[in-house]
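In case you want the letters, here they are:
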Amino acid sequence: MASFSILIIAVLVAQLPLIGVAALLEFSRRKARVAAAPDRGASVRPASGSRGDSSRATWSAADLAEPVIEADETPFTLGVIEPERPDEVVIDAPIEQDPAVEASLPPAGEQSPASAPTRTPARIGLGLRRTRENFVARIRAVITGSAKLDDIYEGLEEALISADVGLETSLKIIQQVRMRLKNDARPEVIRDALKDEIERMLLAVERPFADSGDAPLVIIMVGVNGVGKTTTVAKLAALFKEQGSVIVAAADTFRAAAIEQLEVWCARAGVDLIKQKAGSDPAAVAFDAVKAAVARNASAVIIDTAGRLQTKVNLMEELKKIARVIGRELPGAPHETWLVLDATTGQNALSQAKVFGETTPLTGVVLAKLDGTAKGGVVVAIADRLQLPVRFVGLGEGLEDLRPFDAREFVNALFADAEDGRETTNRPYAA
């Protein structure tokens, strides 16, 4: 038994060199695998229970089979991602977005003006489609029937009121038509007389723009919140640019993102914008714009003011201050003060105009969103009740969709048969 034990020990002793060589080879293989990890730009995580020292770490079977690679913490730079709109403005600090900003901007993916195909400006007939469909249908039903003359004129009065011409103005129009026609009940004669009376009322308040001489024409744009004033300013600037250089003043320093919104639109229109930081004095911005226009020999300055409720006395007083400041820099300025009204509000627009007119002398009205309402007859009420000319009408959301107002074109479009859509051609714009 002792001899057998001695034999086993002798065999084991003889195998020791071989075991040592095998262990050495295994150690070398493991060391090579661990050393290869940094070459892949990563660090190797020790198995749980190790002290984190790679020279003394114990490795699990999973670690030895496939080292765990952690992400390299070396900073890297992403490639520049182009915005969907080339003229998109990135705002550095987060601000509360005004709903009117998103509503005024074109949808994502829209082409820039430089690459977008030229669109035909909207016609006044298309803008009056909703008003005309209701108005013409009522007139046709009234004058083609066999009703008595008194019933015909009563029906015409209702048709005018339904188009938001207003009660007072409607009564005045019908009275003039009856005095002119006496007892003539022929449908075509009544229709033509009604058309002529409305046209006469609109033409009576038309007048040219103020003459600024060699100085830039300075226009202040006023209106309540939400009427589309800022976008109207940009559209107006694009239209005036056809006559010469234009400078826009971002004097709406109160509303969140108003300056950025106007900056985007002015970039699309290709006109210069004078601005300061939010919360600045609006009169100071207007002053800088007028001064820059005089220095650059610009043809026009359009000043965008903050939207305000007509009941806010302090804000209304701010309009007076703007007028005083720019008047000191350029005698005679502002040459025009235009009130932007939302056509969809109909007769409510008249109350706005009355209060604004008490604060600052108004010289005209710009009627926005005429294409989205059946209350287009408010144009007639504005002329009659306010004795103010409608300078421009908005017929869409594009830069080219602001059209100079033409009384004859408006009346022809209003009375055009819905089936054939007859309308006249707009007269060339001239300041």
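Caption draft 1: How the structure looks around the overall build of the protein. Across its full length, the protein holds 15 helices and 10 strands. Each of the 431 residues in the protein was classed as buried or not, and the buried ones make up 44%. Considering only intrachain contacts with a sequence separation of at least 6, the fraction spanning at least 24 residues in the protein is 74%. Total accessible area computed for the protein in this model is approximately 22,800 Å², and 55% of it derives from carbon and sulfur atoms.

Caption draft 2: Layout of the pairing of strand E9 (residues 390–394). Counting buried positions along E9 yields five of five residues, so the element is predominantly enclosed. Judged from the three bridges that link them, strand E8 (residues 364–368) and E9 form a sheet pairing that is parallel. Its bridge partner being in E9, Val365 is matched across the sheet by Val390. A crossover connection joins E8 to the parallel E9 through helix H14 (residues 378–386); in handedness this β-α-β unit is right-handed.

Caption draft 3: How the structure looks around the sheet that holds strand E6 (residues 300–305). Read across the open sheet, the eight strands follow the order E5-E4-E6-E3-E7-E8-E9-E10; overall the sheet is mixed. Looking along the sheet, the strands with just one partner apiece sit at the ends: strand E5 (272–274) and strand E10 (402–404). When the angles between neighbouring strand axes are averaged without regard to direction, this sheet yields 25°. As defined by bridge partners, strand E4 (residues 246–251) adjoins E6 across six bridges and the pair is classed as parallel. Bridging across to E6, Val246 finds its partner in Ala300. Along the sheet face, helix H10 (residues 258–269) touches E4, E5 and E6 and points at about 165° away from the line of E4. Each of strand E7 (336–342), E8 and E9 touches H14; the most contacted strand, E8, lies at about 165° to it.

What counts, and where the lines are drawn
Residues numbered from 1 in each chain as written. Predicted model: local features only at pLDDT ≥ 70, side-chain atom pairs only at ≥ 80, totals over all residues. Heavy atoms only, no water. Helix = DSSP H or I, 4+ residues; strand = E, 2+ residues; numbered from the N terminus. Buried < 20%, exposed > 50% of the residue type's maximum accessible area, 1.4 Å probe, protein only. Contact = heavy atoms within 4.5 Å. Areas by Shrake-Rupley, 256 points an atom, 1.4 Å probe, with all protein chains shown as cover. Pairing = 2+ DSSP bridges. Right-handed = clockwise from strand over helix to strand, strands pointing away. Axes fitted to C-alpha atoms, helices over the stretch in contact; angles between N-to-C directions.

Take it as geometry only, folks, not as evidence of what the structure does.
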